[in-house]
Amino acid sequence: GFATELAKAMVRRGFAEVGLERIIGVTHPDNLASQRVLLKIGMRDEGWGRYYDQDLRLFAIRREEWKDGA
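Residues numbered from 1 in each chain as written. Predicted model: local features only at pLDDT ≥ 70, side-chain atom pairs only at ≥ 80, totals over all residues. Heavy atoms only, no water.

## With respect to helix α1 (residues 2-18)
Filter applied, for reference: By the criteria applied, helices consist of DSSP H or I runs no shorter than four residues and strands consist of E runs no shorter than two, each listed in order from the N terminus. Expected helix span is taken as 1.5 Å per residue step, with the number of steps being one fewer than the number of residues. Each residue is assigned to one of three classes by its accessible area relative to the maximum for its type, calculated with a 1.4 Å probe on protein chains only: buried under 20%, partly exposed between the two thresholds, exposed over 50%. Here a residue-residue contact requires only that any non-hydrogen atoms of the pair lie within 4.5 Å.
Between the first and last C-alpha of α1 there are 22 Å, a value that for 17 residues agrees with the 24 Å anticipated at 1.5 Å per step. Of all the positions in α1, only Thr4, Ala7, Val11, Gly14 and Phe15 are classed as buried. Turning to α1, the residues buried within the fold contact β1 (22-27), α2 (32-40) and β3 (54-62). Once α1 finishes, Gly19 follows within two positions and takes phi at roughly 85 degrees, a positive value.

See below:
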């Protein structure tokens, strides 16, 4: 869907154009749809993190794990 395509494009831009080494995404624990999108684009579930004064699910991908067009 649209969310997956947008997320792929943002990761591609972060690695290919901006030169980032790691990209993270955080979601509310109950937002399973967003978590599925992040997993679908190759991010790993890294457990919990504290962001925006909340405990959120943390997902991440490193440049060396990324496959362009994934």
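## Focus on the packing of aromatic side chains
As a reminder, the rule being used: In summary, the pairing rule links any two rings of Phe, Tyr or Trp, Trp by its six-membered ring, whose centres are within 6.5 Å, and it sorts them by plane angle into stacked for under 30 degrees, edge-to-face for over 60 and tilted for everything else.
This structure, assessed with the given rule, holds 1 aromatic pair. Geometrically, the ring pair formed by Phe15 and Trp66 is tilted, given 5.4 Å between the ring centres and 45 degrees between the ring planes. Of this pair, Phe15 sits in helix α1 while Trp66 sits in the segment after β3, and the two are 51 residues apart along the sequence. Overall, Phe15 belongs to the buried group, its relative accessible area being 1%.

## Digging into the pattern of salt bridges
Here is the rule we go by: Salt bridges are identified by distance alone: a Lys or Arg side-chain nitrogen within 4 Å of an Asp or Glu carboxyl oxygen.
On inspection of all chains with the given rule, the structure shows 8 salt bridges. The shortest N-O distance in the salt bridge between Glu5 and Lys8 comes to 3.6 Å. Here the residue Glu5 and the residue Lys8 both occupy positions in helix α1, the gap between them amounting to 3 residues, near one helical turn. For Glu46, the salt bridge is made with Arg44, and the minimal N-O distance between the two is 2.4 Å. Its relative accessible area of 31% is what places Glu46 among the partly exposed residues. One continuous salt-bridge network, built from bridges that share partners, spans Arg22, Arg44, Glu46 and Glu65.

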